[in-house]
Structure formats: C-alpha cells, structure tokens
Amino acid sequence: MARVQVTDLVVVLPGILGSRLADAEGRALWDLSGPALLRGLRGFGGSVGALRLPKDTGDGDPGDGVVPVGLMPDLHALPGIWHPVDGYTDLLRWLERHFTLSVSDNLLTFPYDWRLSCRHGAERLKGRIDLELERWRASAPERREARVVFLCHGMGGLVARYYAERLGGHEVTRRVITLGTPHHGSLRALADLVDGSGGPGEPELGAFARSLPSLHQLAPDHACVEGPGGLARVRDLPGLPGVDEALLADAARFHADLRGAPPRAELYAISGTGQPTAVTAQWAGGRLILVPEGDGDGTVPLPDRAGPASGPFTGPFAGSWAAYEQHGSLQNNAAVRAALRGLLGAEPVLPPGGEAVLLPDAGRLAAPAVRLGVRAPAVLAAGVPYEVAVTAPDDARPPLAELRPADGGRPVARPLRSLGGGRHGAVFPPPEPGAYRLSVGQVTALSLIRRSAL
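If you look the chain up in an unreviewed UniProt entry, it shows as Lecithin:cholesterol acyltransferase from Streptomyces roseus.

**Digging into helix 3 (residues 118–138)**
Residues separated by three or four positions in an α-helix point in the same direction, a consequence of the helix having 3.6 residues per turn. With 21 residues, helix 3 should cover 30 Å at 1.5 Å per step; its first-to-last C-alpha distance of 30 Å lies within 8% of that length. Taken together, the buried positions of helix 3 are Cys118, Arg119, His120, Gly121, Ala122, Leu125, Ile129, Glu132, Leu133 and Trp136. On its buried side, helix 3 packs onto strand 1 (9–13), strand 7 (107–109), strand 8 (148–153), helix 4 (156–166), helix 7 (213–217) and helix 8 (245–260). Sitting at the head of helix 3, Ser117 places a side-chain oxygen 3.0 Å from the backbone nitrogen of Arg119.

**With respect to the pattern of salt bridges**
Counting across every chain of the model gives 23 salt bridges. For Asp59, the salt bridge goes to Arg119, with nearest N and O atoms at 3.0 Å. In this pair, Asp59 is assigned in the loop between helix 1 (37–47) and strand 4 (67–71) and Arg119 in helix 3, connecting sequence segments 60 residues apart. Classification of Asp59 as partly exposed rests on a relative accessible area of 34%. The salt bridge partner of Arg175 is Glu266, with a shortest N-O separation of 3.4 Å. Placement of the pair is Arg175 in strand 9 (residues 173–179) and Glu266 in strand 12 (residues 266–273), with a sequence separation of 91 residues. Take Arg175: its relative accessible area is 2%, and that puts it in the buried class. Shared partners join several salt bridges into a network, and the residues in it are Asp59, Arg119, Asp250 and Arg253.

**A short note on the environment of His183**
Mapped onto the fold, His183 is located in the loop between strand 9 and helix 5 (187–194). Sequence spacing of His183 and Arg161 is 22 residues, and the spatial spacing of their C-alpha atoms is 9.6 Å. Non-local contacts of His183, meaning those with residues more than four positions away in its chain, are made with Leu158, Arg161, Thr178, His255, Leu267, Ala269 and Phe317. A distance of 3.0 Å separates a polar atom in the side chain of His183 from a polar atom in the side chain of Arg161. Only 3.0 Å separates the side chain of His183 from the side chain of Thr178, close enough to count as a polar contact.

**Remarks on the packing of aromatic side chains**
Enumeration over the complete set of coordinates arrives at 8 aromatic pairs. Geometrically, the ring pair formed by Tyr162 and Phe254 is stacked, given 5.5 Å between the ring centres and 20° between the ring planes. Taken as a pair, Tyr162 in helix 4 and Phe254 in helix 8 lie far apart in primary sequence, 92 residues in all. Of the residues examined, Tyr162 reaches a relative accessible area of 10% and is grouped as buried. Taken together, Trp30, Trp114 and Phe208 form an aromatic cluster joined through their ring pairs.

**Overview of helix 5**
For helix 5, a buried count of 7 out of 8 residues is recorded, marking the element as mostly surrounded by other parts of the structure. Within helix 5, the full set of buried residues consists of Leu187, Ala189, Leu190, Ala191, Asp192, Leu193 and Val194.

**A closer look at the nonpolar core**
Counting residues in hydrophobic clusters, the biggest one holds 110 residues, and the most contacted among them are Trp30, Ile81, Leu95, Trp114, Phe150 and Leu190. Two domains each provide a minimum of three residues to this core, namely domain 1 (1–369) and domain 2 (373–450). The contact partners of Trp114, leaving out residues within four places of it in the chain, are Ile16, Leu17, Gly18, Ser19, Leu21, Trp30, Met155, Phe208, Leu212 and Ser214.

**Things to note about the pairing of strand 14 (residues 280–284)**
Here strand 14 shows one buried face, formed by Ala281 and Trp283, and one open face, formed by Thr280, Gln282 and Ala284. Where strand 10 (residues 225–227) meets strand 14, 2 bridges bridge the pair, whose relative direction is parallel. By the bridge assignment for strand 14, Glu226 is matched with Gln282. Hairpin connection of strand 14 to strand 15 (residues 287–291): 2 residues between the antiparallel strands, including Gly285 at a positive phi of 60°.

**Notes on the sheet that holds strand 20 (residues 373–375)**
If you trace the 4 strands from one edge of the open sheet to the other, you get 20-22-26-25, paired in antiparallel fashion. On the outer flanks of this sheet lie strand 20 and strand 25 (417–420), each paired with one strand and no other. Each strand axis lies, on average, 25° off the axis of its neighbour in the sheet, ignoring direction. In this structure, strand 25 lies alongside strand 26 (residues 423–428), joined through 3 bridges in antiparallel fashion. Note that in strand 26 the partner of Gly420 across the bridge is Arg423.

**Structural notes on the pairing of strand 27 (residues 434–440)**
Where burial is concerned, most of strand 27 is hidden: 5 out of the 7 residues are buried. Here strand 23 (residues 401–405) pairs with strand 27 via 5 bridges, running antiparallel. Counted as the bridge partner of Glu402 is Ser439 from strand 27. Pairing of strand 27 with strand 28 (residues 443–450), which is carried by 7 bridges, proceeds in the antiparallel orientation. Paired with Ala435 across the two strands is Leu448, which belongs to strand 28.

Reading guide: rules and limits
- Residues numbered from 1 in each chain as written.
- Predicted model: local features only at pLDDT ≥ 70, side-chain atom pairs only at ≥ 80, totals over all residues.
- Heavy atoms only, no water.
- Helix = DSSP H or I, 4+ residues; strand = E, 2+ residues; numbered from the N terminus.
- Expected span 1.5 Å × (residues − 1).
- Buried < 20%, exposed > 50% of the residue type's maximum accessible area, 1.4 Å probe, protein only.
- Contact = heavy atoms within 4.5 Å.
- Polar contact = N/O pair within 3.5 Å; in protein donor to acceptor, adjacent residues only side chain to side chain.
- Salt bridge = Lys/Arg side-chain N within 4 Å of Asp/Glu carboxyl O.
- Phe/Tyr/Trp six-rings, centres within 6.5 Å; stacked < 30°, edge-to-face > 60°.
- Core = buried A, V, L, I, M, F, W, Y, C linked by side-chain atoms within 4.5 Å.
- Domains from an automatic or database assignment.
- Pairing = 2+ DSSP bridges.
- Axes fitted to C-alpha atoms, helices over the stretch in contact; angles between N-to-C directions.

Shown next, in the form of structure tokens:
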C-alpha cells in the first residue's frame, strides 16, 4: 500500500509519565519501561525525592537540572501517579510505514517534563516549533506553506491545546489530534492524589505526587463529587486529603483559560469507549469512592460524558471519534489508526466502510467487530488471582482472554464464562510479579503485578 503523502510537520506528544527524564549529567531519573519496569520500581520509591518539586515552582522551571530526553518506548507505569500505559515505539513505526514521515525529519517527538505545569510544557513546545517548522519549510519549495499537526496522547493534548489556543500557535497549526486526553479532567487522577499515593510504605511517593502541578491539572474541575450537599467541585470540598489546595486552584485557572479561549485551531478528539469509567465519585467517611458507571476508556470519560449533572460538555471539537479500547493502549488500536489515516492527510475523512461504524446517537467512530468493555486490575498484589470482567452484546461470542507478560514470556489464555445479560468473566491463576498485557478481542488492558509496595 502506498504511503499517504504528508507535507506538514507532525509532532507526537506523550501523556503523563510518557517522557524519559534524566539529570544534568545524563543519568536516568525516570526511564522504567518494559521488562525492566518492575525491577526498577522496587528501588524508585526511595529515590523519588530527587524528582519532588518545591512548593513555589508554579509554571516555572524548578532549577533541579532535570531534562526530558525521549519518549517511553514500552509499557510504563508508576502506581500512585497514573495507570499503566503502552509506549510509543510501535506508533512511531506505524506512522513511518503508512505516511511519508520520518523521525527527526518531519515526524518529531516532543518529550517534556511531565512533573511540571502544562503551561510550562506549552512554552517549551512553542520554542521547539518555532525552530523546527522554519527548518522544515526551508527544506523544499513545496513545504513553504507547511503547518503543524499535533498527535497527542493523554496530558500531551492539554499541552498542545494551550500552545495552540493561548500562545499563538493556532497561526501555524493545522490541527490538534488528541487520544484519550482528559479535556475535562479525570477522576482517576484525583483518586491517585487522594488514595493512590502516600499509602503505607510509600510516604515519599505521596509527597512527590502532591508536589506535581501536572497531576492536579489532570483532576476534574467541574461538580463531580457527591457530598452532603450534592455534587460539588473538588476544590470546594474542605479537608480533602492528598491534594495541594494552591495547585488545585491554579489547575482550575488553567482549565478556565482553555474553556475561555476561542477555538482557533482545529481540535479532534479520539477517545476510548465501552470501558467502565468514573464520571462521579462519592466523598463520605473520609474516603473517595469512584463510581465506575460512566463511559470512556477506563481512565478518561468520553468528552461529552464528563460534564456536570446539568448537562454534557459540548467541547470545541471539530470532530470526535471513539474506539472500544482502554486508555493505555489507544495509540496502538486498529480503529484509532484507521481514523488517523484520514486526520493526518490534507483533509479529515472517515475510515473506509467496514473498518469503522458510527455509534448510536453520536457522530463518532468505533470498531464494529468487537464492542467489548473490559475491566481488569491495573495494579495487583502478587499471589492474588487475576480476575477479568467483560461486557458484550447479548448475541456476541467474545473471544478468549489472553494474558501476556510484557517481557515476551509465554501467554496464558482463558475462556470467558457467560454470566448472563451480556456479562462474561475469566479468572487467571496468580501471575508472577511483572508487567502484563491482557487482550480480549481488539481491547487491550495493561496491568502491573507487584510483589510489595514501592
């Protein structure tokens, strides 16, 4: 198949944790992925203090010498900060195979310090684009009118949006494409701040998480937590543990800036759907309890399903798609890539017939062959059986569930047992500690089996 012609500059931005970080001497500070992930995490909790930010960092540089040095190539995770995410090597290779794109030529990666404010990342992005677009336009006469297309996973979409809408980037941006970006926040991020960090044996990780402007900017800024007086905004809940009130207030200003900016760049949202996702939570008895009854990718709700009870967000989207996939694997999903084939060309087009269908009551696309929702543990203690729950249409026959070690070890398959009402389940014997990919049809869930706390 001939490669799709692309004359623009394509820039790939990862999500939180998706950039490798090093110190001023080039020594790795955050570079744990693939087979080395679990082994490295065992010692990471004791050294995480080197990455903790001072309280007055704001949107600036903390001056600690930490620099981003590349994208995470393979599966990565940091329990208490974010759930497992697949790397970006396969995505970059796919882009080079199917488009006239080449890494370090017109296909750029933008690693950024994911600890810092999205505003800081956007400022750095502006400096990089100013240099690289001038270089690309000057490289051939037919490229003089080239613009930039951003392909962003997770938090990277917030960085690119702020650049395009608040820093003048719309003047050179053709479109911003986001995969699983929490445009209205994610309750999963709030849960990681409140409950997932600073637990027994992890005080350093908790202090580290609370110091991050970025993690606070991923938390929702609308009324989504059920309290004594009904749904409330997170910042209006007094005494909520695990959050920095000043960072939370600044995160609210960040989202208000994005909402208040006129949509001057084409914004396309590609999301995961069909996976149980929290859109509300309950705060009672000193505990935050997520209510996973919404629709999304398991971590980030669908953009128009993340809003307050009074009605959905409309969002400034020029177009939106959804595929049956989980957050950490969106960039490698076949239906997502079908949509990207049109979005990375000169004009957005729908994938050809048979590759995608419109979802009911929404102008979105999803893979028709496998309409599956998968619930599996993101983090599991060693010695505990690995339980999988799957939802599917009543007339569907879901395929086997396959659990494969990320280090390339032998996979284990289990048949899905029907529980009635479109519900299915499977139980795997306790896996050995390590990172795993669970595949059910075309849906991939990522898990980390831990021997002990970090």
